[in-house]
Amino acid sequence: MRTASVAVVDAGVDAWASERLGAARAERLRSLAEDTGVPAFFGRTDTVPGAPAGPETFHIGRRHVRDAAGDPVVIDWRAPMSRPFYQASAADPQDLARRRRFGFADGELTSYEDERLAEGDAPDPDRPSGLLLAEIERPRSGPMRDIVATIQPDQDDIVRAPLTRSICVQGAPGTGKTAVGLHRAAYLLYTHGDQLARTGVLVVGPNRAFLRYIEAVLPALGEIEVDQATVADLTGRVPVRAEDPPEVAVLKGDPRMAGVLRRALWGGITKPADSLQVTLAGRRYRVSENRLVRIVDDLRRAGTAPETGSAADQQVLHYAAGRERLAMAVAQEARRQKEEGGGAPTDAETRRCARSPEVRAFCDSGWPSWDAPGLVAALFTDADRLARAARGVLTDDEQALLHWSTPPRSVRAARWTAADAVLVDEVAGLLERTPGYGHVVLDEAQDLSPMQCRAVARRLAAGSLTVLGDVAQATSPWSSSDWSQTLAGLGRPDTVVRPLTRGYRVPGEVLDFANRLLPVIAPGLAAATAVRREPGSLSVRAVADPAAALVDVVRGLAGVPGSTGVVCADDAVAGVVTRLRAAGLDVAALADDGSAQARLAVVPATLVKGLEFDHVVLLDPAAVVAAEPRGLHRLYVALTRAVSSLVVLHAGDLPEVLIG
């Protein structure tokens, strides 16, 4: 599914499409060059006199810039010669004598900072440079910004990983995992532009609010040919009008459902019980029952071969293609008989035979035609059909959870749920091949069900993955304590997990407070360490009436630069917005579609994942915890959204583990 969050052009299909892609990208680069708020460069490297190419100076920026003679003035940050800017250290200067970082404000050069690497002068890894801290702490509002000026060595290793390598990033809050994934997409598009122009790049996020938040990053880097979608977008083949009870949603997300659906589809094929007469080139030929049985059995075996571990490779033959091959195989048998009698039928005559009414009727009776919603609806409304498909896989009680006791008036009128939509997409992938991408960036992957993972895997084809997430932030009912289940569902069980534990965004005081939850929600997971501390960045206040105290806190932040997010339990959002507006504050509730991203926003706890605000006010953490089974995980997410300050307002009911 193509979305409008980033302008999308299908590249490499034909000359016209390629020309339009080139024109669109050139226009984007021109707009970057003309944007006075985007500096042409942010860094500089000076190589030592003894370097292989001699002493050279390179400026590093978001794009290549050449002078009138065609000589490079600024080197794209993704070019190989830019890598020492990110990787060089006093221990390994990589032929650099000096690295210079520049500071800008509104497009104006305001400062610079030198590191004389050849002389052993480099910042302590645990105490980053002043310019890096200034960039991290710069007030923010609106969409997420790129981090090309501040990418750190551990992040750069992931960004520049080869296209053929899938990587899973276990990133603690504030470590920049989302930015790293997006910058990897930009790097791969730069390095493998021709290949990815044909196969495409897909970014999958948890909700539309998240996609709205990150939508400006890739265009800011000059990359516009990227699709962005949620899993709901990818699987939106039926209208979602209902919500499953938790136990039903968990069952529908179980990987066993893939086997049930497969049986339901392929198990409907029946063996021929009689011979068949077909017409070829004006004469009739009889195909024997035995021959028809062999044809059907061979095709069914090709379609039901054991899975290879990936939803994209789960069968050699798709069901719809099997129907077409069956018709053609019957026609080819008639052709063989005619040729044995001395005839010479043409290919066109053979194709007409395959499309003849008698051949089509034979296929319809033994290899029935299905559409994906129709099969799922038939399975859930027919208890006997469900029992046959689920025999030995699901218990009787589980089958009862899936059964629709009241059949809908029509397939489209059914009260489909989000979990149903994923199952419909699974069947669609069994019927026909799902187009795949050359690379997929999957964020907040720890929350996906196994069936949702399979939906993403179908879009992956033979490409590679960048999986981003944090098991400590896993809030879905099917979340696991490690990455093995998710990576297996994505068809890449051997993917290397790369941890990011240096927190750049969240102040140390805030991170330390949130980390108290880790022994309970993610035992054994390494806690993140912050690169900066901000005295006064954390305030935990016990108040008699948190909602009343909220107005004073938000008023106090009104004159402070940057964005403010008031995070609360979902069912409290409307009341909080009303109360703040009654106090004369300009506030909006953040919606699932990403609208109302105001400077002051009230954010439902279920939407806050992946977002950042300069200042966060967390209202009534006990209500956040009580709202869902994995409420402590949700609380951990809410506690780690602040870049500058966090205020927690509670009525003496903090989780015991947080009480120091």
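Basis of the calculations
- Residues numbered from 1 in each chain as written.
- Predicted model: local features only at pLDDT ≥ 70, side-chain atom pairs only at ≥ 80, totals over all residues.
- Heavy atoms only, no water.
- Helix = DSSP H or I, 4+ residues; strand = E, 2+ residues; numbered from the N terminus.
- Buried < 20%, exposed > 50% of the residue type's maximum accessible area, 1.4 Å probe, protein only.
- Areas by Shrake-Rupley, 256 points an atom, 1.4 Å probe, with all protein chains shown as cover.
- Core = buried A, V, L, I, M, F, W, Y, C linked by side-chain atoms within 4.5 Å.
- Domains from an automatic or database assignment.
- Contact = heavy atoms within 4.5 Å.
- Pairing = 2+ DSSP bridges.
- Polar contact = N/O pair within 3.5 Å; in protein donor to acceptor, adjacent residues only side chain to side chain.
- UniProt positions renumbered as here; feature names shortened; annotations may be inferred.
- Phe/Tyr/Trp six-rings, centres within 6.5 Å; stacked < 30°, edge-to-face > 60°.
- Salt bridge = Lys/Arg side-chain N within 4 Å of Asp/Glu carboxyl O.
- Axes fitted to C-alpha atoms, helices over the stretch in contact; angles between N-to-C directions.
- Parallel < 35°, antiparallel > 145°, perpendicular 65-115°, else oblique.
- Left-handed = near helix turned anticlockwise from the far one by under 90°.
- Nonpolar A, V, L, I, M, F, W, Y, C, P; charged D, E, K, R; others polar.
- Expected span 1.5 Å × (residues − 1).

(A) Structural view of the overall build of the protein chain. Within the protein chain, the regular secondary structure consists of 27 helices and 22 strands. Residues counted as buried form 53% of the 660 residues belonging to the protein chain. Accessible area for the protein chain stands at about 27900 Å²; split by element, carbon and sulfur atoms hold 51% of it.

(B) Representation of the nonpolar core within the structure. Counting residues in hydrophobic clusters, the biggest one holds 74 residues, and the most contacted among them are Trp77, Ile214, Val567, Leu618, Leu639 and Leu646. Broken down by element, this core gets its largest block of residues, 8 residues, from helix 5 (residues 177-191). Both domains that furnish three or more residues to this core are identified here as domain 2 (35-138) and domain 4 (519-658). Not counting residues within four places of it along the chain, the set of residues in contact with leucine 639 comprises Val510, Phe513, Ala514, Leu517, Leu618, Leu646, Val648 and Leu658. In terms of nonpolar packing, the next biggest core, distinct from the first, is built from 55 residues, Ala331, Leu386, Trp416 and Val424 among them.

(C) Focus on the pairing of strand 2 (residues 57-61). Both strand 1 (residues 43-47) and strand 2 contribute to a ladder of 4 bridges, which runs antiparallel. Bridge assignment links arginine 44 to a residue of strand 2, and that residue is histidine 59. In this structure, strand 2 lies alongside strand 4 (residues 72-76), joined through 3 bridges in parallel fashion. Bridged to glycine 61 within strand 4 is aspartate 76.

(D) Main features of the side chain of threonine 466. Here threonine 466 shows up in strand 13 (residues 464-469). At 2.7 Å, the side chain of threonine 466 forms a polar contact with the side chain of arginine 184. At a separation of 2.8 Å, a polar atom in the side chain of threonine 466 contacts the side chain of histidine 439. Residues contacting threonine 466, with those up to four places away along its chain left out, are Ile167, Gly181, Arg184, His439, Val440, Val441 and Leu442.

(E) Spatial organisation of the UniProt feature "binding site: ATP" (unreviewed entry) in the protein chain. The sites that UniProt annotates as "binding site: ATP" (unreviewed entry) are Gly171, Ala172, Pro173, Gly174, Thr175, Gly176, Lys177 and Thr178. Mapping glycine 174 onto the fold places it in the loop between strand 7 (167-171) and helix 5. Each residue touching glycine 174, except ones within four places of it in the same chain, is listed here: Arg502, Gly503, Tyr504, Arg505 and Val506. Its location among the elements puts glycine 176 in the loop between strand 7 and helix 5.

(F) Structural detail: the packing of aromatic side chains. On inspection of all chains with the given rule, the structure shows 9 aromatic pairs. Between phenylalanine 41 and phenylalanine 102 the ring centres are 5.0 Å apart and the planes differ by 75 degrees, which places this aromatic pair in the edge-to-face class. Linking phenylalanine 41 in the loop between helix 1 (15-34) and strand 1 with phenylalanine 102 in strand 5 (residues 96-105), this pair joins segments that are 61 residues apart in sequence. On the accessibility criterion, phenylalanine 102 (12% relative accessible area) is buried. Ring plane angle 70 degrees and centroid distance 5.6 Å describe the contact between phenylalanine 380 and tryptophan 404, whose orientation is recorded as edge-to-face.

(G) Quick peek at the pattern of salt bridges. On inspection of all chains with the given rule, the structure shows 40 salt bridges. With its nearest N and O atoms 3.2 Å apart, the salt bridge here joins glutamate 339 to arginine 335. In this pair, glutamate 339 and arginine 335 both sit in helix 13 (residues 319-340), 4 residues apart, roughly one turn of the helix. Residue classification places glutamate 339 among the partly exposed positions, given a relative accessible area of 41%. Judged by its relative accessible area of 15%, arginine 335 falls in the buried class. A salt bridge links lysine 609 to aspartate 447, with the shortest nitrogen-to-oxygen separation between them at 2.3 Å. Here aspartate 447 lies in the loop between strand 12 (439-442) and helix 20 (450-460) and lysine 609 lies in the loop between strand 20 (600-604) and strand 21 (613-619), a separation of 162 residues in the sequence. Since its relative accessible area comes to 15%, aspartate 447 is described here as buried.

(H) Broad picture of the packing of helix 11 (residues 256-266) against helix 19 (residues 418-431). Close contact between helix 11 and helix 19 brings their axes to 10 Å; oriented N to C, the two are set at 50 degrees. As judged from the angle between their axes, helix 11 and helix 19 are oblique. Taken as a pair, helix 11 and helix 19 cross one another with a handedness that is right-handed. Contacts between helix 11 and helix 19 involve Met257, Ala258, Leu261, Arg262 and Leu265 from the first element and Leu423, Glu426, Val427, Leu430 and Leu431 from the second. Here the residues of the contact of helix 11 with helix 19 sort into 8 nonpolar, no polar and 2 charged.

(I) Spatial organisation of the sheet that holds strand 8 (residues 201-205). Sheet architecture is open: 6 strands sit in the order 9-8-12-13-7-14, paired in parallel fashion. The sheet is open, and its two edges are formed by strand 9 (227-230) and strand 14 (496-500), each paired on a single side. Shown here is a sheet whose adjacent strand axes are inclined to one another by a mean of 20 degrees, direction ignored. Both strand 7 and strand 13 contribute to a ladder of 4 bridges, which runs parallel. Directly across from valine 169, in strand 13, lies its bridge partner leucine 468.

(J) Highlighting the sheet that holds strand 17 (residues 538-542). Taken in spatial order, the 6 strands make up an open sheet running 17-22-21-18-20-19, and their pairing is parallel. Of all the strands in the sheet, just strand 17 and strand 19 (588-589) have a single pairing partner and so form its edges. Sheet topology places strand 21 next to strand 22 (residues 642-650); 6 bridges connect them, and they run parallel. Directly across from phenylalanine 613, in strand 22, lies its bridge partner alanine 642. The sheet strands contacting helix 27 (residues 631-639) are strand 18 (564-568), strand 21 and strand 22, and the helix crosses strand 21 at an angle near 140 degrees.

(K) Geometry of the environment of alanine 389. Tracing the backbone through its elements, the reader meets alanine 389 in helix 17 (residues 383-390). Classification of alanine 389 by relative accessible area gives buried; the value is 3%. For the pair alanine 389 and arginine 263, spaced 126 residues apart in sequence, the C-alpha separation works out to 5.2 Å. Those residues in contact with alanine 389 that sit more than four places away from it in its chain are Val260, Arg263, Ala264 and Leu379.

(L) Inspection of helix 13 at higher detail. Between the first and last C-alpha of helix 13 there are 31 Å, a value that for 22 residues agrees with the 32 Å anticipated at 1.5 Å per step. For helix 13, the set of buried residues is Tyr319, Gly322, Arg323, Leu326, Ala327, Val330, Ala331, Glu333, Ala334, Arg335 and Lys338. Looking one or two residues past helix 13, glycine 342 carries a phi angle of roughly 95 degrees, positive in sign.

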